[in-house]
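Listed here are the chains, written in short residue letters.
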Amino acid sequence: MTVNFTKGEINIKYFLKNMVYTVIINTGIAFLLSLVHIADSFPKAMVISHALGICIYTIMISLFWILKPKKKIFEMLIVAIGIVGGILTGWAIASAVLPRFLSIPIKTPEKDFLQTVTLGIAFGLMCSFFFISKEKLKLSNELIQEEKIKRLAKEKEALQANLKMLQAQIEPHFLFNTLSNILSLIDTDPIKGKTMLTDLTHYLRTALSRTRHELISLDQEMEMIRAYLNIIKIRMGDRLEYEIRLPEGLRSHVFPPMLLQPLVENAVIHGLEPKIEGGRLSIIVSETEQSLKIEVIDNGLGLCSGHEYGVGITNVRERLHLLYGEKGHLRLEENRPNGLKVSIEVPA
Amino acid sequence: MNPKAILADDEKELRLYLRSLLAETWPELEICAEAANGREALEQVEAHHPQMVFLDIKMPGLSGLEVAKKIAKSCHIVFITAFDQYAVEAFDREAIDYLVKPVTKERLTQTIQRLKKQLAISSEPPAGVMEIVSRVLSGLKPQAQADFLHWIKVQQQNNIRLIPVDEVDYFQAEDKYTLVMTKAGESLIKTSIKELSQELDPNQFWQIHRAILVNVSKIEKVSRSLSGRGILKLKNRPELLTVSRPYLHLFKQM
């Protein structure tokens, strides 16, 4: 990977911040050198070290700033120029400053210069390594962060799409059969027809307008389910019996919309409607200390009615997972003596 | 003699509605019976030998199309559908009579005109309807996929729990039993790996070992061990599975 300094945006703030690092490193080097007696004295080591370090740093950063190298080879070149240029200017400054301001004479220029060169190269390489790897780290952190954001956005998108899809699923069979019934009831039993139309309106309004609500009350969800089942009850007549058991205390409990509805519709469409003698549907809500449990039980055809059953349930399961993670459960069981029992469990 | 017809729809109100519409548009038509499901429809046709049947497509027991396949040679059929796009397209193409719900008087009148014309020419129903219905039926059937196992039934205390195969990470043989490994935990079933490998979709589950069937969509990566066997890492699972040599070809690079 090439280090792209331009991505890290070199500006005055960046320059000054890293200058502080440079000064700290310089001081460290000076300490070290005087400690192991390579340098004659600490002040001398300090001056040389700082002169060199600051020059190398300034030249290198300026070149990176101006040239914005994209290729590794150019980066290396800039590092080399920085080191050589820094040593020469740094040495010039140090040899001017030392005798004049600190009265430290340069006794053996050749030896001192050689020392300085070694020092400069070591410092330059160290610094370049330090800065470049810091930059790399920052860059890869940014990449990871970007990936993370992308992933989260994707998940959110999936959740939204999933919800939208579920909501858009107003079954055309259901709609047109219901409309036919209403049309007929207008002649035969207008009052019943009116009730059915009211229920259909309620069902459609809720099904179509829930996009923006992330949570509703259990009572609201059950009202929609009741409207749906009232309609089905008129259509199926004696073939359908149903009950909804929602304890008083749980009526206002919040619940995500469209988790329960698909399960109820599944039970009707795949379990009870295709069964000649019809059957019974129970929706039972209960609560334990940690969780809320809703069971949808039918004594219809069960799973023999084919794999279509799976799609709706898989959708609900995915949504449950996206909403509650590991804490949301969906269980399928065979109901005795026949039919299916689907239960949802979510944290209370 | 007045023509006879049978009405078959699982919804009582809709039979009533059609009956009243027919009384208005074709007063001479005698409705000799009604049927609330496919089987009843068949029985009534056999009992009354009507000239025509108004047949709802979606009925419990036998669907209207399945009934039609059996009676197309003995009487005229008018299909009724709320929304079966595929069937409707086919009916349009093949000029087969059908009504959409809610049935309107105009459409019903048109259909009756056609029926009357056909009956005037011959009391025999038009030929070829059975073949067309068979074609529609085979087009409607979910493809081969439906034949594979979709659910694993697991006995848990007194209940039988159903696990969708999509959720299974892998199956592993364990003595006489098979372990079903899912994210939620593991369960034991009596079906052997060999039986499972025949019942599951081979594109979804690969056998990677004498004792292991793995869900392909759960594989994260495959690496090679020093001994030349494959090592499988699954998504969200800590354990590694071994791919034995006879199955390594499954993971050859594409």
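Conventions we followed
Residues numbered from 1 in each chain as written. Chains lettered and ligands numbered in written order. Predicted model: local features only at pLDDT ≥ 70, side-chain atom pairs only at ≥ 80, totals over all residues. Heavy atoms only, no water. Helix = DSSP H or I, 4+ residues; strand = E, 2+ residues; numbered from the N terminus. Areas by Shrake-Rupley, 256 points an atom, 1.4 Å probe, with all protein chains shown as cover. Patch = residues over 30% accessible without salt bridge, like charges linked within 9 Å, V, L, I, M, F, W, Y side chains within 5 Å. Salt bridge = Lys/Arg side-chain N within 4 Å of Asp/Glu carboxyl O. Pairing = 2+ DSSP bridges. Axes fitted to C-alpha atoms, helices over the stretch in contact; angles between N-to-C directions. Buried < 20%, exposed > 50% of the residue type's maximum accessible area, 1.4 Å probe, protein only. Polar contact = N/O pair within 3.5 Å; in protein donor to acceptor, adjacent residues only side chain to side chain. Contact = heavy atoms within 4.5 Å. Phe/Tyr/Trp six-rings, centres within 6.5 Å; stacked < 30°, edge-to-face > 60°. Lys NZ or Arg CZ within 6 Å of the ring centre and 35° of its normal. Nonpolar A, V, L, I, M, F, W, Y, C, P; charged D, E, K, R; others polar.

Enquirer: Give a description of the overall build of chain B that names residues and reports values.
Expert: Along chain B, the regular secondary structure elements total seven helices and 15 strands. Split by element, the accessible area of chain B, about 13800 Å² in all, is 50% carbon and sulfur.

Enquirer: Please set out a nonpolar patch on the surface residue by residue, giving values where relevant.
Expert: Residue and element names in this part refer to chain A. On the surface, a nonpolar cluster with roughly 530 Å² of combined accessible area is contributed by Ile12, Leu16, Trp65, Ile66 and Leu67. Those elements giving two or more residues to the nonpolar patch turn out to be helix H1 (12–35) and helix H2 (42–67). Top element by residues in the nonpolar patch is H2. It accounts for three residues. Structurally, Leu67 is set in helix H2.

Enquirer: Lay out the sheet that holds strand S15 (residues 240–243) of chain B with the relevant residues and their values.
Expert: Residue and element names in this part refer to chain B. Taking strand neighbours across the sheet as the criterion, the three strands line up as S13-S14-S15 in an open arrangement whose pairing is antiparallel. Only two strands of the sheet have a single partner each, and these edge strands are strand S13 (219–224) and S15. With strand direction ignored, the average angle separating the axes of adjacent strands in the sheet is 30 degrees. Bridge count for S13 against strand S14 (residues 230–234) is five bridges, and the pairing is antiparallel. Bridged to Val222 within S14 is Leu232.

Enquirer: Report on the side chain of Ser291 of chain A, specifying residues and quantitative values.
Expert: All names here are of chain A. Its place among the elements puts Ser291 in strand S5 (residues 291–298). Relative accessible area serves as the criterion here: at 10%, Ser291 is assigned to the buried category. Separated by 3.0 Å, the side chains of Ser291 and Glu345 make a polar contact. Sequence-distant contacts of Ser291, that is, excluding residues within four places in its chain, are made with Ser286, Glu345, Val346, Pro347 and Ala348.

Enquirer: How would you summarise the packing of aromatic side chains if you had to cite specific residues and measurements?
Expert: Under the counting rule described, the total for this entry stands at ten aromatic pairs over all chains. Three or more aromatic residues joined by ring pairs form one cluster here, namely Phe174, Tyr203 and Tyr228 of chain A. Seen from the ring of Tyr98 of chain B, Arg107 of chain B lies directly overhead, with NZ or CZ sitting 4.7 Å from the centre.

Enquirer: Would you mind going over the interface of chain B and chain A in detail, with residue names and values included?
Expert: Contacts between the two partners involve 33 residues from chain B and, on the opposite side, 30 residues from chain A. The tally of links from chain B across to chain A stands at five salt bridges. Measuring nitrogen to oxygen at the nearest pair gives 2.3 Å for the salt bridge that ties Glu167 of chain B to Arg317 of chain A. On inspection of chain B and its partner chain A, the count reaches 13 residue pairs in polar contact (both at pLDDT 80 or more). It is strand S7 (residues 159–164) of chain B that contributes the most residues to the side of chain B that touches chain A, five residues altogether. Here the residues of the side of chain B that touches chain A are counted per class, giving 14 nonpolar, eight polar and eleven charged. As judged from the two bridges shared by strand S6 (residues 329–334) of chain A and S7 of chain B, these two strands associate in the antiparallel manner. If you follow Leu332 of chain A over to S7 of chain B, its bridge partner there is Leu162 of chain B.

By themselves, these figures tell us nothing about what the structure is for.
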